[in-house]
Amino acid sequence: MSVSGMKKQLHKASQLLNERLMGAEGTKMDDDFLQMEKSVAVLQSLLLELLCRTTEVLQPNPADRAKLSVLNTMSRIRGQGKAGGYPQTESILGDCMTHYGQELGAESEFGGALLGVGGALQQVSQARVVLDEEARRSFMEPLEELRDTELKEIRLQLKKLNGRRLDFDYKRRQRGNVSTEELHLAWDKFSTSTESVERSIDTAPL
């Protein structure tokens, strides 16, 4: 980082400390902007919890979820496809019933019942796999895309805006030691960032 960059960071930190500890007044954003900023924060929290809760419904066992996640990560690192699907409990129970139904034999009444129920459970398991894939494709992936693109960009812009606000407020506080040109430049950067954030939030699906 350059010397001027380090000085700017120190000035921002100084302004932030003055606001937090000394009660200095920073530039206030208007109510509409604050409402938009709040909407972004709510949407961010919503997406985080909604994606987590949906995964818990589709894949209820936390140990199996964690194991599958590790296997898929390792497969991606090795350049392979997905390591496998979530082990549906209906499939595990169906396999158990089918195995012992075959052991007892179809001529056994109990064995025949086990084979029948085991086959039905396998169908339930396949339906759950289809539900899992469809929910991910049509519901979760679009939400992840929103979180990882538009919302991520807005968060970066808000961080940049806050930095520029701190820079402007510091220079305004140091008016006697800062040239008018520097103060105007800081204000222009702050105003440009504010407009950029407002445009991004306006186009986001809030």
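Residues numbered from 1 in each chain as written. Predicted model: local features only at pLDDT ≥ 70, side-chain atom pairs only at ≥ 80, totals over all residues. Heavy atoms only, no water.

- An unreviewed UniProt entry annotates the protein as BAR domain-containing protein of Pogonophryne albipinna.

### Things to note about the overall build of the protein
Now for step 1: Looking only at helices and strands, the protein features six helices and zero strands.
Now for step 2: Beginning at the N terminus, the succession of helices and strands in the protein can be written as α-α-α-α-α-α.
Now for step 3: Taking 206 residues into account, the globule formula puts the C-alpha radius of gyration at 17 Å, and the protein, at 28 Å, lies well above it.
Now for step 4: Here the C-alpha coordinates of the protein stretch approximately 100 × 35 × 30 Å along the principal axes. (Helix = DSSP H or I, 4+ residues; strand = E, 2+ residues; numbered from the N terminus. Rg over C-alpha atoms; globule rule 2.2 N^0.38 Å.)

### Details of the nonpolar core
When a protein is soluble and globular, its nonpolar side chains tend to lie buried together.
Now for step 1: Core analysis: the largest hydrophobic core is formed by 23 residues, its most contacted members being Phe33, Leu158 and Leu161.
Now for step 2: Elements that contribute at least two residues to this core include exactly helix 2 (31-58), helix 5 (109-173) and helix 6 (180-203).
Now for step 3: Of the residues forming this core, the biggest block, nine residues, is contributed by helix 5.
Now for step 4: Among residues more than four places away in sequence, those in contact with Phe33 are Leu158, Leu161, Thr194, Val197 and Glu198. (Core = buried A, V, L, I, M, F, W, Y, C linked by side-chain atoms within 4.5 Å. Buried < 20%, exposed > 50% of the residue type's maximum accessible area, 1.4 Å probe, protein only. Contact = heavy atoms within 4.5 Å.)

### A few points about the packing of aromatic side chains
Now for step 1: Enumeration according to the criterion identifies three aromatic pairs in this entry.
Now for step 2: For the ring pair Phe168 and Trp187, a centre distance of 5.2 Å and an interplane angle of 55° mean the geometry is tilted. One end of the pair, Phe168, is in helix 5; the other, Trp187, is in helix 6, and 19 residues separate them in sequence.
Now for step 3: By relative accessible area, which is 8% here, Phe168 ends up buried.
Now for step 4: Consider the rings of Trp187 and Phe190, whose centres lie 5.6 Å apart with planes at 55°: the pair is tilted. With a gap of three residues between them, Trp187 and Phe190 both fall in helix 6, about one helical turn apart.
Now for step 5: Accessibility expressed as a relative area gives 4% for Phe190, which makes it buried. (Phe/Tyr/Trp six-rings, centres within 6.5 Å; stacked < 30°, edge-to-face > 60°.)

### Description of helix 6
Now for step 1: In a regular helix each residue adds 1.5 Å, so 24 residues correspond to 34 Å; helix 6 covers 35 Å between its end C-alpha atoms and thus fits that length.
Now for step 2: For helix 6, the complete set of buried residues consists of Leu183, Ala186, Phe190, Ser191, Ser193, Thr194, Val197, Ser200 and Ile201. (Expected span 1.5 Å × (residues − 1).)

### Examining the packing of helix 2 against helix 5
Now for step 1: Two elements in contact, helix 2 and helix 5, have axes whose closest approach is 10 Å; the angle formed by their N-to-C orientations is 150°. The angle between the axes of helix 2 and helix 5 places the two elements in the roughly antiparallel class. The crossing of helix 2 and helix 5 is left-handed.
Now for step 2: Residue classes in the contact of helix 2 with helix 5 are distributed as 18 nonpolar, three polar and seven charged. (Axes fitted to C-alpha atoms, helices over the stretch in contact; angles between N-to-C directions. Parallel < 35°, antiparallel > 145°, perpendicular 65-115°, else oblique. Left-handed = near helix turned anticlockwise from the far one by under 90°. Nonpolar A, V, L, I, M, F, W, Y, C, P; charged D, E, K, R; others polar.)

### Details of helix 4 (residues 89-104)
Now for step 1: The end-to-end C-alpha separation of helix 4 is 23 Å, in line with the 22 Å expected for 16 residues at 1.5 Å each.
Now for step 2: Taken as a whole, helix 4 has its buried residues at Glu90, Ser91, Gly94 and Gly101. Projection of helix 4 onto a plane perpendicular to its axis shows the buried side chains occupying an angular sector of 90°, all on one side. Exposed and oriented more than 90 degrees from the buried face of helix 4 are Thr89 and Glu103.
Now for step 3: In the core, the buried residues of helix 4 are packed alongside helix 5.
Now for step 4: Where helix 4 ends, the next residue or the one after it, Gly105, has phi of about 95°, a positive value. (Arc of directions from axis to C-beta.)

### Some words on a nonpolar patch on the surface
Now for step 1: On the surface, Leu17, Leu21 and Met22 cluster together into a nonpolar patch covering about 380 Å² of accessible area.
Now for step 2: Mapped onto the secondary structure, Leu21 falls in helix 1 (residues 3-21). (Patch = residues over 30% accessible without salt bridge, like charges linked within 9 Å, V, L, I, M, F, W, Y side chains within 5 Å. Areas by Shrake-Rupley, 256 points an atom, 1.4 Å probe, with all protein chains shown as cover. Salt bridge = Lys/Arg side-chain N within 4 Å of Asp/Glu carboxyl O.)

### Describing the pattern of salt bridges
Now for step 1: Enumeration according to the criterion identifies 11 salt bridges in this entry.
Now for step 2: Taking the shortest distance from any N to any O, the salt bridge between Asp169 and Arg165 comes out at 2.7 Å. Pair noted here: Asp169 and Arg165 are both in helix 5, with a separation of four residues, about one helical turn.
Now for step 3: The shortest N-O distance in the salt bridge between Arg172 and Asp169 comes to 3.1 Å. You can see Arg172 and its partner Asp169 sitting in helix 5, three residues apart, about one turn around the helix.
Now for step 4: Assessed through its relative accessible area of 1%, Asp169 is described here as buried.
Now for step 5: The network of salt bridges with shared partners includes Glu19, Arg165, Asp169 and Arg172.

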